[in-house]
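Structure at a glance
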Amino acid sequence: MQGGQTVMEEPIRLASVLTSSKSDDSPSLTKVMVTLGPKSRSVDTIEACLKAGMSVARFDFSCLGSDYHQETIDNLRTAIKRAKKFCAVMLDTVGPELHISNESGDPIELKADDLVTITPDTTKQTSSLVLPIKYDGLAKEVKAGDTAFLGQYLFTGSETTSVWLEVTETKGSDVICRVKNSATLPGFIFNVHFSKVKINLPTVTDTDKQIISTWGTRNRIDLISLHCTRHADDVREMRAFLATQDLQETQIFAKVETVEGLKHFDEILKEADGVIVSRGNLGIDLPPEKVFLFQKSALYKGNMVGKPVIITRVVDSMARNLRPTRAEATDVANAVLDGADGILLGAETFGGLYPVEAIKIVRKICSEAECVYNHYITFKRVCKYVGEPMAHEESVASSAVRLASIVNASMIAVFTTSGEEARLIAKYRPPVPVLAIVIPHVKTNSVKWTIAGSMQARQLLGVRGVFPVLTSPDVATSVAVSEESVLKLSLHHGKMMGLLKHNDKVVVFQKILDSSVLRIVEFED
């Protein structure tokens, strides 16, 4: 299996284990994406999340409505101004997910070996005997022996509030299931996922289109998490729809969480801007002992083509506990060593008791893993995968990373308008941060002209090792503002972020006319 070897420096000496951890204020190259919800939506908490290391805020529309999420994103904007931090916005679609509504909100107690009926008759009240669902085709798609996972993980972070069901028979449009374990289901809505069952619902639903055309356009979302991506056509359909909403620059992260998506992974990766390995549902569709194999393969393939791959479900226990388990801490580190671009927190921050602490500990684990990550091995692997002769852009990007290593630079600074130059450099996994100096650019059409660049800068927050700086719009419209002055201000910003100190060397990548130029500067405070 490609990508099966963890990439790390050898040997790891005991002395490195006993040295002090990196500073709490030191940012990790690996990005931390955070799901905002009831326990993390106040201005003060969001500000603390930003300072702790949140780079992307995720809004999950499989639960809670547009008005609720609008209040949260308004709070996010206030917190961004207060914290003086960048943050990208990710909208997570509903997709073909099946939900059971519990309008009363009373806890539903299910006991092992009892029978429960899943029915499309939504006039019936949810109880320990009946689970109404808004889908009338389920009985045609399941058979006796199929298994399902039912619960409310996102709110609780605990699978003790979830149950396994096994289909015993179908009666008309009803599905009769045997409860495999006892549990109490709290809350108003439960997710249900049938293992290896193809649900005949579109990936891009009418509900998703309505949310994007209203909430999404109003808030100019940076990223879409395309829930339950099963085919490359799902990504193409979403991209075409985004274009109709004047969101053609919004990037799409394909969320792969079923065997069907796994089978079409290569095509999905080619079409998407990034991938989220959704280990929760994958752990239902796949035997537990197979999940790590797909994770390693997906990370390797994403690394080779320079597309971000994000890992989910890492420190579940922190939804209720102040510290992760030892297994969880090791899991985060191994994801980094395998090449993860980012870690996505769900229940830990959405409804967990310690959202800020979860971000801090994940960031610190990532930083420690990065210290022993063998960047050179990955660099060689990517160069071999790209092959020779390299395209001009690949050659310059790889040369920037090689030069940074040779001169022991502390940073690579790159001027960019689209962000592509920074992504290409990040593809070669430099051991130092990449400061992306995003120059706003003028966009024109037959009606008006606008200055773009802020979205491109925020989107780079999903790329490992890249730290964007958005320059003044004056740079796009005035010849009086020199790139040297912009570079000086940007490097000073890098110092304020904790990425640079006095006399550090910086490799600078910039384009002059049709030429790409690499040079070395020494940062003077």
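Identification of the chain as Pyruvate kinase from Opuntia streptacantha is taken from an unreviewed UniProt entry. Taken directly from UniProt, the Pathway (unreviewed entry) text for the chain runs: "Carbohydrate degradation; glycolysis; pyruvate from D-glyceraldehyde 3-phosphate: step 5/5." For the record of the chain, the UniProt heading Cofactor (unreviewed entry) holds the text "K(+)".

Domain assignment breaks the chain into domain 1 (24–95 + 203–370), domain 2 (98–195) and domain 3 (375–523). A straight line from the C-alpha centre of domain 1 to that of domain 3 covers 24 Å. Each partner contributes residues to the interface: domain 1 has 28 residues there, and domain 3 has 29 residues. Taken over both partners, the interface formed by domain 1 and domain 3 buries close to 2400 Å², and the fraction arising from carbon and sulfur atoms is 58%. Sorting the residues of domain 1 by area buried against domain 3 places Leu29, Phe86 and Met304 first, and these three jointly supply 30% of that buried surface. Between Asp222 and Arg458 there is a salt bridge, with the nearest N and O atoms lying 2.9 Å from each other. Inspection of the region where domain 1 meets domain 3 yields 12 residue pairs in polar contact (both at pLDDT 80 or more). When residues of the side of domain 1 that touches domain 3 are traced back to their parent elements, those giving at least two are β1 (31–35), β2 (54–60) and α11 (288–305). With 3 residues, the single largest contributor to the side of domain 1 that touches domain 3 is α11. In the side of domain 1 that touches domain 3, the residues fall into 14 nonpolar, 8 polar and 6 charged.

All right, on to the pairing of strand β6 (residues 115–119) then. With 4 of its 5 residues buried, β6 lies for the most part within the structure. Relative to strand β7 (residues 130–132), β6 runs parallel, the two sharing 3 bridges. Residue pairing for β7: Ile118 is matched across the bridge by Leu131.

This part takes up the packing of aromatic side chains. Within this structure, the stated rule accounts for 5 aromatic pairs. Aromatic pair Phe59 and Trp215: ring centres 5.3 Å apart, planes at 50°, arrangement tilted. Taken together, the positions of Phe59 in strand β2 and Trp215 in helix α6 (residues 206–219) put the pair 156 residues apart, joining distant regions of the chain. Trp215 carries the same exposure label as Phe59, and that label is buried. For the ring pair Phe265 and Phe294, a centre distance of 5.4 Å and an interplane angle of 90° mean the geometry is edge-to-face. In this pair, Phe265 is assigned in helix α9 (residues 265–271) and Phe294 in helix α11, connecting sequence segments 29 residues apart.

How each quantity is defined
- Residues numbered from 1 in each chain as written.
- Predicted model: local features only at pLDDT ≥ 70, side-chain atom pairs only at ≥ 80, totals over all residues.
- Heavy atoms only, no water.
- UniProt positions renumbered as here; feature names shortened; annotations may be inferred.
- Domains from an automatic or database assignment.
- Contact = heavy atoms within 4.5 Å.
- Buried area = accessible area lost by both parts, 1.4 Å probe.
- Salt bridge = Lys/Arg side-chain N within 4 Å of Asp/Glu carboxyl O.
- Polar contact = N/O pair within 3.5 Å; in protein donor to acceptor, adjacent residues only side chain to side chain.
- Helix = DSSP H or I, 4+ residues; strand = E, 2+ residues; numbered from the N terminus.
- Nonpolar A, V, L, I, M, F, W, Y, C, P; charged D, E, K, R; others polar.
- Buried < 20%, exposed > 50% of the residue type's maximum accessible area, 1.4 Å probe, protein only.
- Pairing = 2+ DSSP bridges.
- Phe/Tyr/Trp six-rings, centres within 6.5 Å; stacked < 30°, edge-to-face > 60°.

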